[in-house]
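Read off the chains here:
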Amino acid sequence: MLSRLLQPEIKSLIEERKLSILKEILQDWTPADIAELLIDLDEKERVIIFRLLHTELATDTFEYLYFDTQMDLLKAMGNEEVAAILNEMDPDDRTALFEELPASATKQLVQLLSPEERKTAVTLLGYPENSVGRLMTPDYIAVKPDWTIQQTLDYIRENGRNKETLSILYVADDKGKLIDDIKIREILLAPLDSRISDLMDENYVALNVYDDQETAVEMFRKYDRVALPVVDHSENLIGIVTFDDVMDVAIEETTEDIQKQAAVEVLDEPYPTIPILKMIKKRAGWLSVLFIGEMFTASAMAVFEEEIARAVVLALFVPLIISSGGNSGSQAATLVVRAMALGEVTMKDWFRVIGKELITGLSLGVILAIIGFIRIYVWQMASHIYGEHWFYVAMTVSVSLIGVVLWGTLSGSTLPFILKRLGFDPASSSAPFVATLVDVTGIVIYFTVAMFTLSGKLL
């Protein structure tokens, strides 16, 4: 907000070449505000401002930028400037940048790093994609159990300046094996002559370096930590993952799920910056599949063409029937997919979910059936538009609503489990996909019920 309010003044200072004044102003801004300002400026102005920042502030600002903006700045800077930024970046944020680049570009940038930072970067990039190893940073404080509190505080003062977090200290033995974690608060409140071992309870939680990143999200949610240690197969402490990095993963995963549920391929980049042609490509595939699926609705109606010709009144309620089934299915699919994402529901809960949705679907169907019957009754009493057999028409619609809503609810709640069993992402059972499926079956249910209730009357 601050950057947008002052953007005209900032642009004016650039045009008047009052860069020294602009530099002084920017030193008091937060990296997040500067990043917001850079995103809203054109490329030339962006480079001018970025070069006014001292290295530490420029690095912090760089980490807040979108990937495309980061790339524009890297291309505009010389190797020395790029090297300064990359060497100052937090290892986990630098890894996230390298992950988005082609292998050849990553190789070139890695060569600009100092030997120590290059070793760290290569190590982190060596872990599998989407693993905790890609999220972690080796910048943490580890202490020994036999250290006094005074020794610990002296060590923190000497080595803690550039660490990712000082909220949690990790206790490791002489071989590097993790044996506990301790909050800094406990250290600060303990007597200076007491030892770390006096504060230990050996009650800690750790991530394995090869765990999936979604596991990290679940662990942070479950244990409410600001940071979690990362260990290898031998339980040796090799890094930590902080809450801000896990939040990025959680946001990314949630965004992907929402996009999939809307029948859109994952965009892979922010909506404002994605090219139109790429946007069309991401949306056209699923939209075409759903369109073809809807063609079966027309085919289903063609099967009952004679019934529609003899009882035209039936066609009036087709949108009502299929939309009710699609809506109930979309509700169920969304609720179950989200419950799966939060770990509230697993594959072993399949039958429990179906049982719950069976009762829910039946109840919802009855509610809509009553509303539908009342609607037809009121219109008939007011204008007699449904003819002498209006009661049987109302019963057809009501019974069909119960069947279609029940079927939609069961389909929407079952599809996520089926997809997960087959190894697919449950979010792919998108609301539009469920709605399309229920549209076709809803037509069949509706006209089948009509053939029984209206036989010998309208049919």
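Everything numeric here is computed off the predicted structure, so don't read it as measured data.

### Quick look at unusual backbone geometry
Next up, step 1: Although it is not a glycine, E202 adopts a positive phi angle of roughly 55°.
Next up, step 2: Along the chain, E202 falls in the loop between α14 (196-199) and β4 (207-208).
Next up, step 3: Judged by its relative accessible area of 57%, E202 is exposed.
Next up, step 4: Even without being a glycine, H384 presents a positive backbone phi close to 55°.
Next up, step 5: Note on placement: H384 falls in the loop between α20 (350-383) and α21 (390-421).
Next up, step 6: The exposure class assigned to H384 is exposed, which follows from its relative accessible area of 55%.

### What about the environment of D212?
Next up, step 1: Secondary-structure assignment places D212 in the loop between β4 and α15 (213-223).
Next up, step 2: Assessed through its relative accessible area of 38%, D212 is described here as partly exposed.
Next up, step 3: Taking C-alpha positions, D212 is 28 Å from D201, a pair spaced 11 residues apart along the chain.
Next up, step 4: Discounting residues that sit within four places of it in the chain, D212 has contacts with N130 and V132.

### With respect to the packing of aromatic side chains
Next up, step 1: Scanning the entire structure with this criterion turns up 12 aromatic pairs.
Next up, step 2: When the centroid spacing of 5.7 Å and the interplanar angle of 70° are considered together, the rings of Y127 and Y210 count as edge-to-face. With Y127 in the loop between α10 (115-125) and α11 (132-135) and Y210 in the loop between β4 and α15, this pair connects stretches of sequence that are 83 residues apart.
Next up, step 3: Owing to a relative accessible area of 14%, Y127 belongs among the buried residues under this scheme.
Next up, step 4: A relative accessible area of 45% means that Y210 is categorised as partly exposed.
Next up, step 5: A centroid spacing of 6.3 Å and a plane angle of 55° characterise the contact between F373 and W390, whose relative ring orientation is tilted.

Conventions used here
Residues numbered from 1 in each chain as written. Predicted model: local features only at pLDDT ≥ 70, side-chain atom pairs only at ≥ 80, totals over all residues. Heavy atoms only, no water. Helix = DSSP H or I, 4+ residues; strand = E, 2+ residues; numbered from the N terminus. Buried < 20%, exposed > 50% of the residue type's maximum accessible area, 1.4 Å probe, protein only. Contact = heavy atoms within 4.5 Å. Phe/Tyr/Trp six-rings, centres within 6.5 Å; stacked < 30°, edge-to-face > 60°.

Read these as geometric descriptors, not functional statements.
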